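Here is what each chain is made of, one letter per residue.
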Amino acid sequence: MEQNLIFQSMDSDSIMNLMSRAVQHMPIKKFYGNQLMVKCIYICAKLRICENLGNSLESKKSCYDIAKEVGAHGESLYRMMRAMTVEGFFSECLGEGFEKGIFQHTNLSIQLLNEVTRDEALVHCGTAFFLSWESLYETVMTGKTSGFKSLDSSSLWDFLKKNPEADIEFTKGMASMSTPYHQNLVKMVDFSRFEIVCDVGGSHGLLLNEILKNYPTIKQGLNFDQPIVFENLNKLGKRDLDPRFSDVGGNFFESVPQADCYVFKLVLHNWNDDQCVQILDNVSKAMRENGKVYLAEHIMEDSVGDFTIKKKYIAWTDLHIMNLLNGKVRSKSEWDKLISRTDFKIDQIVESDQELTQNYIILSKKVIHVTLLK
Ligand SMILES: C[S@@+](CC[C@H](N)C(=O)[O-])C[C@H]1O[C@@H](n2cnc3c(N)ncnc32)[C@H](O)[C@@H]1O
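In this text, all values refer to a predicted model and were calculated from it rather than measured experimentally.

Cut-off values and rules
- Residues numbered from 1 in each chain as written.
- Predicted model: local features only at pLDDT ≥ 70, side-chain atom pairs only at ≥ 80, totals over all residues.
- Heavy atoms only, no water.
- Pairing = 2+ DSSP bridges.
- Helix = DSSP H or I, 4+ residues; strand = E, 2+ residues; numbered from the N terminus.
- Axes fitted to C-alpha atoms, helices over the stretch in contact; angles between N-to-C directions.
- Contact = heavy atoms within 4.5 Å.
- 1 Å grid on protein atoms, 1.4 Å probe; cavity = no way out; pocket = protein on both sides within 12 Å on 5 of 7 lines; lining within 4 Å.
- Points joined across faces, edges and corners; volume = space filled by probe spheres on them.
- Nonpolar A, V, L, I, M, F, W, Y, C, P; charged D, E, K, R; others polar.
- Domains from an automatic or database assignment.
- Buried area = accessible area lost by both parts, 1.4 Å probe.
- Polar contact = N/O pair within 3.5 Å; in protein donor to acceptor, adjacent residues only side chain to side chain.
- Near = heavy atom within 4 Å.
- Areas by Shrake-Rupley, 256 points an atom, 1.4 Å probe, with all protein chains shown as cover.
- UniProt positions renumbered as here; feature names shortened; annotations may be inferred.
- Expected span 1.5 Å × (residues − 1).
- Buried < 20%, exposed > 50% of the residue type's maximum accessible area, 1.4 Å probe, protein only.

1. So, the sheet that holds strand S10 (residues 359–365)
Okay, so step 1: Strand order in the open sheet formed by seven strands is S6-S5-S4-S7-S8-S10-S9, and the pairing between neighbours is mixed. The open sheet is flanked by strand S6 (245–249) and strand S9 (344–350), the only strands paired with a single partner. Across the sheet, the axes of successive neighbouring strands diverge by a mean angle of 25 degrees, strand direction being ignored.
Okay, so step 2: Inspection of the sheet shows S9 paired to S10 by six bridges, in the antiparallel sense. Bridge assignment links Ile349 to a residue of S10, and that residue is Ile361.
Okay, so step 3: Sheet contacts for helix H11 (residues 164–188): strand S7 (259–265), strand S8 (287–297), S9 and S10; angle to S10, the most-contacted strand, approximately 50 degrees.
Okay, so step 4: In the packing of helix H16 (residues 332–339) onto the sheet, the strands contacted are S8, S9 and S10, and the crossing angle to S9 comes to about 155 degrees.

2. Some thoughts on the layout of surface pockets
Okay, so step 1: The space that makes up the second largest pocket amounts to roughly 340 Å³.
Okay, so step 2: What lines the second largest pocket is a set of 18 residues, among which Ala175, His204, Leu206, Leu233 and Arg239 lie closest to the centre.
Okay, so step 3: At the level of elements, helix H7 (115–124), H11 and helix H12 (206–214) are the ones that each hand at least two residues to the lining of the second largest pocket.
Okay, so step 4: It is H11 that contributes the most residues to the lining of the second largest pocket, five residues altogether.
Okay, so step 5: Grouping the constituent residues of the lining of the second largest pocket by class yields six nonpolar, six polar and six charged.

3. A word on the environment of Ala166
Okay, so step 1: Position of Ala166 relative to the elements: it lies in helix H11.
Okay, so step 2: With residues up to four places along the chain from it excluded, the contact list for Ala166 reads Phe159 and Leu160.

4. Topic: the domain arrangement of the protein
Okay, so step 1: Each assigned domain of the protein is listed here: domain 1 (33–113) and domain 2 (127–365).
Okay, so step 2: Its C-alpha centre places domain 1 at a distance of 36 Å from the equivalent point of domain 2.
Okay, so step 3: On the domain 2 side, the residues contacting the five residues of domain 1 number four residues.
Okay, so step 4: Of the roughly 400 Å² buried between domain 1 and domain 2, counting both surfaces, carbon and sulfur atoms make up 48%.

5. Here we look at the sheet that holds strand S1 (residues 60–62)
Adjacent strands of a sheet form backbone hydrogen bonds with each other and so pair up, either parallel or antiparallel.
Okay, so step 1: The strand order S1-S3-S2 describes an open sheet built from three strands, whose pairing is antiparallel. Either end of the sheet is taken by a strand with one partner, and the two such strands are S1 and strand S2 (91–92).
Okay, so step 2: Direction of pairing for S2 relative to strand S3 (residues 102–104): antiparallel, over a ladder of two bridges. What sits directly across from Ser91, in S3, is Gln104.
Okay, so step 3: Taken strand by strand, helix H5 (residues 63–70) contacts S1 and S3, and its axis lies near 70 degrees from that of S1.

6. Some thoughts on the side chain of Ser153
Okay, so step 1: For Ser153, the position within the fold is in the loop between helix H9 (136–142) and helix H10 (156–162).
Okay, so step 2: Here the side chain of Ser153 touches Leu151 through a polar contact of 2.9 Å, landing on its backbone oxygen.
Okay, so step 3: Of the polar contacts made by the side chain of Ser153, one reaches the side chain of Lys162; its length is 3.2 Å.

7. Some details on the site of the ligand
Okay, so step 1: Lining the immediate surroundings of the ligand are 17 residues, of which Ser178, Gly201, His204, Asp225 and Lys265 lie closest.
Okay, so step 2: At a separation of 2.6 Å, an oxygen atom of the ligand approaches a polar side-chain atom of Asp225.
Okay, so step 3: The protein chains hide 95% of the 600 Å² of surface that the ligand would expose on its own.

8. Looking at the UniProt feature "active site" (unreviewed entry) in the protein
Okay, so step 1: When the UniProt feature table is mapped onto this chain numbering, "active site" (unreviewed entry) sits at His269.
Okay, so step 2: With respect to the secondary-structure elements, His269 resides in the loop between S7 and helix H14 (273–286).

9. A closer look at unusual backbone geometry
Okay, so step 1: With a phi angle near 55 degrees, Ser203 is a residue other than glycine that sits in the positive phi range.
Okay, so step 2: Relative to the assigned elements, Ser203 resides in the loop between strand S4 (196–200) and H12.
Okay, so step 3: The backbone of Asn326 sits at a positive phi, close to 70 degrees, despite the residue not being glycine.
Okay, so step 4: With respect to the helices and strands, Asn326 occurs in the loop between helix H15 (309–324) and H16.

10. Some details on H14
Okay, so step 1: In this model, H14 (14 residues) spans 20 Å end to end at C-alpha, consistent with the 20 Å of a helix rising 1.5 Å per residue.
Okay, so step 2: Here H14 has its buried residues at Gln275, Cys276, Val277, Ile279, Leu280, Asn282, Val283, Ser284 and Ala286.
Okay, so step 3: Turning to H14, the residues buried within the fold contact S7, S8, H16, S9 and S10.

Following this line, the structure appears as structure tokens:
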């Protein structure tokens, strides 16, 4: 009420000045549009708007021509791209000699020409992740993972099972996000003494394939995941895989194949402690003598000091996993507590010196001393 009276006594220029100063003094407002940009980026990735615009920073094209080629509605696409220019994503060619709706790339939009970046954008900005945030309120209020409820499914995996297109986007996105770290992960530890290596929840199988390429003495590589993942993956065509590589479909809550080395990359962080104990019990039952388990995971650290890219990534990943997957990014003491409930002990933690590569938590079976009583 009081504020309205102030506005009434001011001319419109002063009101604009006041408003723009308010925005400057309230940096909180810069976050409000993030969800809109996420959706716009998803649409650009999905419809390959950026490739259609051209393959260099100099390329220019009418959004109405793009709309025709991708089957979108011209004026709506124009208004979406115009809004994105405000965030520096595309620039609109304005002024003499330009008809309405001609756009040019910027340093942001050009990034979506990269297939890996596009795959990541499709997952991060895609339906499953986007909708799941709708239930964060419930997760925070109840302490129970609720993100999947917004997907009208009993879990993320159930949603992916029902939506083959989203499942393929998820698997391709995981492959794109994983690949940059494979070289480090293969070299950080020595897999040469193992005969059968099983990548549990191996999805696309690219890490296992890299392990096989680097360790010629390994006899067999088993890529273990849900059967539906391989069904969908194989629809994309033949994969370029080592002859020792094979996909094995199954459910790690029931059993895992026999092997002497088990790799789990970004798998146990998706599950709560009880579920992890159940999975590791199945590994314990199947593991050959002197076997080892390699958990490739991020480790939660105290948030003292600078907020590095790694800390930011881990903090958001943890929240995302809490809301959607019933898991967490565990600290060293949380790993100690969890592993103490299993047949395993932690042999060693091999920390990566590369900012976003996971660390290895290496497990072997506890030695059980049996005292024979006479
Ligand atoms: C976050 S992805 C990790 C994929 C891969 N390890 C990577 O880092 O790129 C988790 C994987 O666990 C698989 N998974 C989920 N539930 C499973 C189950 N019950 N049995 C076997 N695999 C499962 C998913 O299909 C998915 O491929």
